[in-house]
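Structure at a glance
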Amino acid sequence: MLSPVLALAAGICCQWYRPQPQWVLLSTSIVGALLLVSISFWPDTLRIRSTPFTLLGSGLLFFSAGSGLCIKQDIRKDPHWLGAVATADSSAVWEYIVCEEPTEKPKTYGVVAEVRKRYEKNSEQHVKGKVKLYLLKDSQGSMPTWGDTIWATRLPALIEPPKNPGERNWKEYQMRKGITHQLFLRTEEYQLAALQQPYYWKKKLIELRKKICALLQSTIPDPEAAGLAEALLIGYRQDLDPALNRSYSNTGVVHIIAISGMHLALIGGILSWCLRPFTKKRWIQPLIQLLVLGSLWLFSLLAGGTPSLLRATLLFSSVVLGELIQRKGNSLNTLMVSAFLLLCYDPFWLWDLGFQLSFAAIAGILLIGKNLSRQLSFTKIWWHAPGQLIAVSIAAQVFTTPISLYYFHQFPGAFLLSNLIAVPLSSIILASLLLLLVCSPFPLLAGWIGKGIAFLIMLLNEYVSWVESIPGLLFTDLQWSLPETILLFGFFLAGTHWLVNKSSTGRFLTLLTVLLLLGSQIAHRYEQSRQKWLIVYQIPGFTAIDLIEGTRCTGLVDCKQNKDPMSAAYIIRSSRQAAGIQKTNSLSYSPQIVYDDQKIWVADKERIPPAPDSIPIDLLIIGHRAPYQGESWVLNRKIRKAVLDGSAGERTRQRWLSLLDSLQISIHDTRRAGAFVSSLR
């Protein structure tokens, strides 16, 4: 199944990044089918050598299938898509159905809603698509629930692409989930109605999840421990402390609070052990296996049905079905089957982080886990379990490292130390949580179990915090490009082939990938040492400027009153990390900045413009300090470029745009075009 999965994934990627017309995909399918059919008519002497042609023909078919799945899943291709039918008609009423569990934020409720209909006068139009709604919290508005109907008259706006360098592409991320628009609504701008019937069963799952969360919060006295228990048991992370989540990520044990195969194995093992007395009769064994399998699928849906969880459930299902038909499958092949089925269900899961980490970890365990386990095995029986845990931890970490470096730019050097205690302790906590659910009808017993769980979670958190406090074990600011990530995967695969199979080809490929990685890193570092950039960021309410030379940065940040600096700091930090900045200096505010022969002015209503001279102004920055009337700053001056940052008010912005346009001065509006990035090299 490896070849079909690779061909299917290639088709999905190609159609997403380089869309092809349907006639090209149809032609590719026909060529692949004709090639496979023609092989059956070849003489036997040629057919025994037809493997490359068979792979090519089937690869073309699966490539076309992947492209077709991508087209089908892309909501923008639907003629009834919201973006294709939306008009600026203020009389239209939009009907939304809440299709995900809402999240509560400090000032708003975050709601993912599916748009159903558009009402205009006496007509209605069916519409498709998803919208991210932000409902303002106040004393009158209530939090919506899954399946509720929302009516609003305001037109949703398209989610904008990233406006700053290094910023995450939330538009693309949300688009792969089918969400293309967003809308902010006050209480008086929408109406809320009760649950619709099509979401009845999902509503029941949400109610069951809420009952479990209420039980955990009532029996576990510590709110932080209760939040971790919710994440550990059913994957509910809204009550999880962000600082605690960051600590688990920094120490390499965040996987224990992400519902995965470990949870399913423990739940399935406990259920099988409890039902063992009923397996004495052979005819009842298949029924018990199906009961366990049904329980695992119910738990998967209860925990949110994430790709990593569905991957584990499919693997368990394959094993159980194999036992029922008395067939034993290949583990790697079964893994590829589950990947194939998941991509057929949702091709955009190919970019899901949980999907990638889950399959990479299991592939590492299957490829090198057994070999490592043999290497770490000793005659002492007490070492068997720790040796197995070390082998599995190393195998999983090896193949997830490229993904972690690419997305998180860090490597948790303490993963082995933290996993040795955190994994067995979290398994004990999970078993205790299941026992708590069973004993919930008995309040006194459930209370004692809850206190015991709180104590175990306290031990786990303290151990993780202690490991995190050890200096030098967290390597950060590791910038890896996508080609380097692919090369690193190739290095691990070639190294595995070399060490496990004693292959000379594996040794050659390992050395080749090492040389390519070193060359890529050296070239990247050299390019960073020569870079010289001027960046004016697009951050609402902020004037933020970075002057970058090599790996040094001089920055200026000036904001309006009552603005939260955290969002601006995150955007600027992401940009500097992408540029490889190692040393940062702050630049004091001044209406006139000279940098590398570049003359930069910041328009300020509190200061008198500098005296006119013959030297041209390279850049004029208009922000929240700019005067409404800007003639004194631009008349009789030679200005090469003007930049409007995200802090300027709307009236001031429009006034300056008209003024600069009338004087034929080149304008860069960061609200429309994103951050202004200019190379000074």
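Structure first, text after, so check above.
Residues numbered from 1 in each chain as written. Predicted model: local features only at pLDDT ≥ 70, side-chain atom pairs only at ≥ 80, totals over all residues. Heavy atoms only, no water.

1. Describing the sheet that holds strand β12 (residues 532-536)
Strand order in the open sheet made by the 5 strands is β15-β14-β13-β12-β21, with mixed pairing throughout. Only two strands of the sheet have a single partner each, and these edge strands are β15 (583-586) and β21 (676-679). Between one strand axis and the next, the sheet turns by 15 degrees as a mean value, whatever way the strands run. Seen against the sheet, helix α20 (residues 565-578) touches β12, β13 (542-549), β14 (552-559) and β15 and runs at an angle of roughly 20 degrees to β13. (Pairing = 2+ DSSP bridges. Helix = DSSP H or I, 4+ residues; strand = E, 2+ residues; numbered from the N terminus. Axes fitted to C-alpha atoms, helices over the stretch in contact; angles between N-to-C directions. Contact = heavy atoms within 4.5 Å.)

2. Notes on the layout of surface pockets
Put simply, the second largest pocket is a space of about 510 Å³. Lining the second largest pocket are 19 residues, and of these Ile267, Leu271, Leu434, Leu437 and Val438 sit closest to its centre. Of all the secondary structure elements, the ones that give two or more residues to the lining of the second largest pocket are α7 (200-219), α8 (223-234), α10 (261-274), α11 (285-302) and α16 (415-438). By residue number, the principal contributor to the lining of the second largest pocket is α16, which donates 7 residues. Along the lines of polarity and charge, the residues of the lining of the second largest pocket split into 17 nonpolar, 2 polar and no charged. (1 Å grid on protein atoms, 1.4 Å probe; cavity = no way out; pocket = protein on both sides within 12 Å on 5 of 7 lines; lining within 4 Å. Points joined across faces, edges and corners; volume = space filled by probe spheres on them. Nonpolar A, V, L, I, M, F, W, Y, C, P; charged D, E, K, R; others polar.)

3. Remarks on empty space enclosed by the protein
Tallying each qualifying case throughout the model produces 2 cavities of 30 Å³ or more. If you trace the second largest cavity, you find it lined by Thr543, Asp558, Tyr589, Val602, Ala603, Gly623, His624, Arg625 and Ala626. Looking at side-chain class alone, the lining of the second largest cavity contains 4 nonpolar, 3 polar and 2 charged residues.

4. Observations regarding the packing of aromatic side chains
In total, this model carries 16 aromatic pairs according to the counting rule given. Summarising the aromatic geometry, the rings of Tyr406 and Tyr407 are spaced 5.2 Å apart at their centres and angled 80 degrees between planes, so their arrangement reads as edge-to-face. Classification of Tyr406 by relative accessible area gives partly exposed; the value is 29%. Measuring from ring centre to ring centre gives 5.9 Å for Tyr463 and Trp466, while their planes differ by 35 degrees; the resulting arrangement is tilted. With Tyr463 and Trp466 both in helix α17 (residues 443-469), this residue pair falls 3 residues apart, about one helical turn. On the accessibility criterion, Trp466 (47% relative accessible area) is partly exposed. Grouped by ring-pair contacts, the aromatic residues Trp16, Tyr17, Phe348 and Trp351 constitute a single cluster. The ring of Trp170 is capped by Arg168, whose NZ or CZ atom sits 4.4 Å from the centre of that ring. In this structure, Arg651 is placed above the aromatic ring of Tyr628, and the distance from its NZ or CZ to the ring centre is 5.0 Å. (Phe/Tyr/Trp six-rings, centres within 6.5 Å; stacked < 30°, edge-to-face > 60°. Buried < 20%, exposed > 50% of the residue type's maximum accessible area, 1.4 Å probe, protein only. Lys NZ or Arg CZ within 6 Å of the ring centre and 35° of its normal.)

5. Digging into the nonpolar core
By size, the foremost hydrophobic cluster in this structure holds 50 residues, and its most contacted members are Ile220, Tyr248, Ile429, Leu433 and Leu460. Those elements that provide at least two residues to this core are α7, α8, α9 (242-250), α10, α11, α12 (307-324), α16 and α17. When neighbours within four sequence positions are excluded, Leu460 is seen to be in contact with Leu228, Tyr248, Ile256, Ala422, Leu425 and Ile429. Core analysis: the second largest hydrophobic core is formed by 25 residues, Leu314, Leu335, Met336 and Phe340 among them. (Core = buried A, V, L, I, M, F, W, Y, C linked by side-chain atoms within 4.5 Å.)

6. Let's talk about helix α1 (residues 2-17)
Relative to the 22 Å expected for 16 residues at 1.5 Å per residue, α1 spans 22 Å between its end C-alpha atoms, a close match to the ideal helical length. Those residues of α1 that fall on the buried side of the exposure criterion are Pro4, Val5, Ala7, Leu8, Ala9, Gly11, Ile12, Gln15 and Trp16. (Expected span 1.5 Å × (residues − 1).)

7. Focus on unusual backbone geometry
Backbone geometry places His409, a non-glycine residue, at a positive phi of 60 degrees. With respect to the element layout, His409 can be found in the loop between α15 (384-408) and β10 (411-412). One non-glycine residue, Asp477, lies in the positive phi region at around 55 degrees. Summarising the element assignment, Asp477 is placed in the loop between β11 (474-475) and α18 (482-501). Relative accessible area serves as the criterion here: at 45%, Asp477 is assigned to the partly exposed category.

8. So, the packing of helix α14 (residues 353-375) against α15
Where α14 contacts α15, the two axes come as close as 7 Å, and the packing angle between them is 145 degrees. Seen from above, α14 lies across α15 with right-handed handedness. Per-class residue counts for the contact of α14 with α15 are 18 nonpolar, 7 polar and no charged. (Left-handed = near helix turned anticlockwise from the far one by under 90°.)

9. Thoughts on a nonpolar patch on the surface
On the surface, Leu332, Leu366, Leu367 and Leu493 cluster together to form a nonpolar patch covering roughly 290 Å² of accessible area. If you trace the backbone, Leu493 turns up in helix α18. (Patch = residues over 30% accessible without salt bridge, like charges linked within 9 Å, V, L, I, M, F, W, Y side chains within 5 Å. Areas by Shrake-Rupley, 256 points an atom, 1.4 Å probe, with all protein chains shown as cover. Salt bridge = Lys/Arg side-chain N within 4 Å of Asp/Glu carboxyl O.)

10. Here's the deal with the environment of Ser427
With respect to the helices and strands, Ser427 occurs in helix α16. Along the backbone, Ser427 and Met262 are 165 residues apart, and their C-alpha atoms lie at a distance of 8.2 Å.

11. What to know about the pairing of strand β8 (residues 179-185)
In terms of burial, β8 is largely enclosed, as 5 of its 7 residues are buried. In terms of strand pairing, strand β5 (residues 130-136) meets β8 through 6 bridges, oriented parallel. Pairing of Tyr134 across the sheet is with Phe184, part of β8. Across 2 bridges, the pairing between strand β7 (residues 157-158) and β8 is antiparallel. Of the residues in β8, the one forming a bridge with Ala157 is Gln182.

12. Quick notes on the pattern of salt bridges
Proximity of charged atoms lets side chains of opposite charge pair with each other. For the coordinates displayed, the defined rule picks out 19 salt bridges. Linking Glu101 and Arg209 is a salt bridge whose minimum nitrogen-to-oxygen distance equals 2.9 Å. Of this pair, Glu101 sits in the loop between β1 (93-98) and β2 (103-104) while Arg209 is found in helix α7, placing the two residues 108 residues apart along the sequence. Here Glu101 matches Arg209 in class, with each residue buried. We note a salt bridge from Asp669 to Arg672, for which the minimum N-O separation is 3.8 Å. A relative accessible area of 9% means that Asp669 is categorised as buried.

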